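Examining the three-dimensional arrangement
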Amino acid sequence: MTCASCANRIERKLNKLDGVEATVNYATEKAKVRAPADLDPDVLIGTVRDAGYDASLPAPRSPATSEEVADPADRELESLRHRLIGAVVLTVPVIAMAMVPAWQFTNWQWASLTLAAPVVIWGAWPFHRAAAINLRHGEATMDTLISLGTLAAFGWSLYALFFGDAGEPGMTHGFEFSLQPSDGASNIYLEAAAGVTMFILAGRYFEKRSKKQAGAALCALLELGAKDVAVLRDGTEVTIPVEELSVGDSFVVRPGEKVATDGVVVSGESALDMAMITGESVPVEAGPGDQVVGATVNAGGRLVVRATRIGADTQLAQMARLVEDAQSGKAPVQRLADRISGVFVPIVIVIAVGTLGAWLGAGFGVTAAFTAAVSVLVIACPCALGLATPTALLVGTGRGAQLGILIKGPEVLESTRQVDTVVLDKTGTVTTGVMTLVDAVCEPGVERTELLRLAGALEDASEHPIAAAVAAGARAEVGELPAVEGFTNLEGRGVRGVVDGKAVVVGREALLADWSQTLSAEVAAAKADAEHGGKTVVAVGWDGAARGILVVADTVKPTSAQAITRFTELGLTPVLLTGDNTAVARQIAAEVGIEQVHAEVLPADKVSVIAALQADGKTVAMVGDGVNDAPALAQADLGLAMGTGTDVAIAASDITLVRGDLRSAADAIRLSRKTLRTIKSNLFWAFAYNVAAIPVAALGMLNPMLAGAAMAFSSVFVVANSLRLRTFR
């Protein structure tokens, strides 16, 4: 494909097939097709070939094949580069002689013909070939305009040289920015024919190269994964290609190596550099039982990991797929541009013919009339329209992927523009979603370290989440915990056992009362205050007396308050939505700066809350991470799922935030809005350029060569404007 008109035509042809829904993207050079299960893909490929193009099924995307997939585009880029270099070398002297009368030596015009002919025939061959194919199918595209314009200028020059006065020795003419009526037979336009070809080749080359750069984020994602892996077979390390790894295999990750695939740490402890996956610069500690993600880098000790997901199921592959899907889709604004491009070319040809007739009818010479018509053909090429949206999408979604923001489709960008309310799930979104030991209150005469050491040791033997929080908090504060003897789990009430010769009880206050262990009034008041704030409290006693309480809670993420501030700066009203009790919800909301709270809401009712806000005229974004958030994410106008959450939530969302940082939700909305603004500015300049330039050319006020330069510049401008998104922070 050479322009948006080509993409539009292929899309129309595919959509004529029964049960087929096709979207053809000019920038990515891909068709995304939804077809009946019994439809042979060869029928789709045959339809594309019947339209004058070629197609093939995509090769499986993996790090091993990414270079092979890129080869055809590289060959096309190389071919364009050779044609461009040849065109520049041959065209510059032609333009120089035409512009500077002092350099027009005797028979200079024949030298110009010798230099210009290869440019117009060989350099512009891709345009002529595409125009011929289009003509055979009764279609007209941008290539039709280029081919018509350059061949018309070249053909007229040949007529003037061989049958007019232009071929006589001593012929000179000056270079003019505007056109003047003349008899027509003494002027040549070889500089226009060669110059237009050179400028358009330059525009096409830089456009192709920029498109390749714009899609670099996806290629980078595919290249992130490890190539080889050391698998443990019967206790021996065997190095195999990562493609041969199977679920359940145990493999070794040494310091400095990449984790081969998603898995669970079997043995060893280390810090993992997650920056390439989550964008987070701080290494994450990993030990036995922890989940690890493929392509992250082992920054510390030796790990043995059991593979849980391989190939297309890994987080890296899913990220690449999400990015590619987003880049292959179309926003409504792009569909408008494609439709305009589809009818634009025939209209321009009609305008060019009308211009020729109007000039001749007004009594001007054939040359002036013909040159004005050629200027219209050349300046009207709609490539800038076709590039306006896809290049911005490529760069925007690619940059998002680098920052851990996966935008599922271009239509998502439209939603972010109108969002005015952001609804936040509490657990796992505003808070960590993990119970943490936040306080310890001791009875008089009891040391805090002793309370933590004995209670932590006993809770360490339990699998309950609250027990795990107590044990982790105690270990972090006092170090290694002692062993437990005679451990007993009292279902729903607590645990007891012997630690360092002391009979220790940890659990509900009622459990201690059964052993005649009563909390003092001061500690009981502290317990009541903590529970009123929505925290969980366990009582601790040993040797016949209550010794203190431990307070456990789901803590607010350190960055959540900053994220709420950013939402407000973006003009969004934050709303907290949770199933927790009202006291807990209001405390969390106050801590981060949220005024509107909906608490004690059942999962099914979360959808009702979203719907009620929408009924009030709000455009709602929802941020969540759990299975219970999936219906609300789907109901919202814009769903954002934490990548640290469940697969169900991620599947129901429009944007996935790889990091568990709420600030990335604000970044996602900022990036989406900036990408949409870029698309609109691209479209504005592309439309404005064509609307302004065609009348100027039709009135004979623009030399065809300058028209070609301006047309090529419009495409380069659009691509360069899109590439500014790569600097988004």
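Given the structure is predicted, the values throughout are model-derived calculations rather than measurements.

Thresholds, definitions, all that
- Residues numbered from 1 in each chain as written.
- Predicted model: local features only at pLDDT ≥ 70, side-chain atom pairs only at ≥ 80, totals over all residues.
- Heavy atoms only, no water.
- Helix = DSSP H or I, 4+ residues; strand = E, 2+ residues; numbered from the N terminus.
- Buried < 20%, exposed > 50% of the residue type's maximum accessible area, 1.4 Å probe, protein only.
- Contact = heavy atoms within 4.5 Å.
- Areas by Shrake-Rupley, 256 points an atom, 1.4 Å probe, with all protein chains shown as cover.
- Pairing = 2+ DSSP bridges.
- Core = buried A, V, L, I, M, F, W, Y, C linked by side-chain atoms within 4.5 Å.
- Axes fitted to C-alpha atoms, helices over the stretch in contact; angles between N-to-C directions.
- Phe/Tyr/Trp six-rings, centres within 6.5 Å; stacked < 30°, edge-to-face > 60°.
- UniProt positions renumbered as here; feature names shortened; annotations may be inferred.
- Arc of directions from axis to C-beta.
- Polar contact = N/O pair within 3.5 Å; in protein donor to acceptor, adjacent residues only side chain to side chain.
- Patch = residues over 30% accessible without salt bridge, like charges linked within 9 Å, V, L, I, M, F, W, Y side chains within 5 Å.
- Salt bridge = Lys/Arg side-chain N within 4 Å of Asp/Glu carboxyl O.

Helix and strand content of the protein: 26 helices and 24 strands. Taking all 729 residues of the protein together, the buried fraction comes to 52%. Counting contacts in the protein only where the partners sit at least 6 residues apart, residues at least 24 apart contribute 69% of the total. Only carbon and sulfur atoms are counted for the fraction: they give 57% of the accessible area of the protein, which is about 30,700 Å².

With that out of the way, let us pick up the pairing of strand β22 (residues 620-624). Of all five residues in β22, five are buried; the element is thus mostly enclosed. Covered by surrounding structure in β22 are V620, M622 and G624 together with A621 and V623, the residues of both alternating faces. Here β22 runs beside strand β23 (residues 638-642); their pairing, made up of four bridges, is parallel. Bridge assignment links V623 to a residue of β23, and that residue is L640.

L424, F567, L640, I655 and L662 are the most contacted members of the largest nonpolar core, which totals 48 residues. A total of eight residues in this core trace back to one element, the largest contributor, which is helix α25 (residues 663-698). Each residue touching L424, except ones within four places of it in the same chain, is listed here: V430, I564, F567, V575, L576, L577, I594, V623 and L662. L84, I95, A116 and M171 belong to the second-largest nonpolar core, a separate cluster that totals 37 residues.

Okay, the sheet that holds strand β12 (residues 405-407) next. The strand order across the open sheet built from seven strands is β12-β24-β23-β22-β13-β20-β21, with neighbouring strands paired in mixed fashion. Each edge of the sheet is formed by a strand with only one pairing partner; in this case those strands are β12 and β21 (596-598). Each strand axis lies, on average, 20° off the axis of its neighbour in the sheet, ignoring direction. Alignment of β23 against strand β24 (residues 655-657), held across three bridges, turns out to be parallel. Bridge pairing in β24 links M642 to L657.

What follows concerns the sheet that holds strand β17 (residues 502-507). An order of β14-β19-β18-β17-β16-β15 is seen for the six strands of this open sheet, with the pairing classed as antiparallel. Edge strands, defined here as strands with exactly one partner in the open sheet, are β14 (431-442) and β15 (484-490). Across the sheet, the axes of successive neighbouring strands diverge by a mean angle of 20°, strand direction being ignored.

Bringing the packing of aromatic side chains into the picture now. Inspection of every chain in the model, using the stated rule, returns five aromatic pairs. When the centroid spacing of 5.4 Å and the interplanar angle of 75° are considered together, the rings of W110 and F162 count as edge-to-face. Taken together, the positions of W110 in helix α4 (residues 108-123) and F162 in helix α6 (residues 142-163) put the pair 52 residues apart, joining distant regions of the chain. Here W110 falls in the partly exposed class, since its relative accessible area comes to 27%. What makes F162 exposed here is its relative accessible area of 52%.

Sheet topology places strand β3 (residues 228-233) next to strand β4 (residues 236-241); six bridges connect them, and they run antiparallel. Among the inter-strand pairings, A230 is bridged to a residue of β4, identified as T239. Remark: two residues form the turn of the hairpin made by β3 and β4, two consecutive strands paired antiparallel; D234 in that turn has positive phi of roughly 55°.

Bringing the UniProt feature "transmembrane region" (unreviewed entry) in the protein into the picture now. Mapped onto the present numbering, the UniProt feature "transmembrane region" (unreviewed entry) falls at residues 84-102, 108-125, 145-164, 184-203, 340-362, 368-395, 682-699 and 705-723. For residues 84-102, the helix share is 84%, the strand share is 0%, and the end-to-end C-alpha distance is 28 Å. Summarising residues 682-699: 94% helix, 0% strand, and an end-to-end C-alpha distance of 26 Å.

This part covers helix α2 (residues 41-50). In an α-helix, one turn spans 3.6 residues, which is why side chains three or four residues apart end up on the same side. What α2 keeps buried is the set L44, I45, T47 and V48. On an axial view of α2, the arc spanned by its buried residues comes to 155°, and they lie on one face. In α2, the exposed positions that point more than 90 degrees away from the buried face belong to D42 and D50. For α2, the N-terminal cap is D40; the gap from its side-chain oxygen to the backbone nitrogen of D42 is 3.0 Å.

Take a nonpolar patch on the surface next. Together, F684, W685, F713 and F717 make up an exposed nonpolar region whose accessible area comes to about 450 Å². Contributions of two or more residues to the nonpolar patch are made by α25 and α26 (704-723). For F713, the location among the structural elements is in helix α26.

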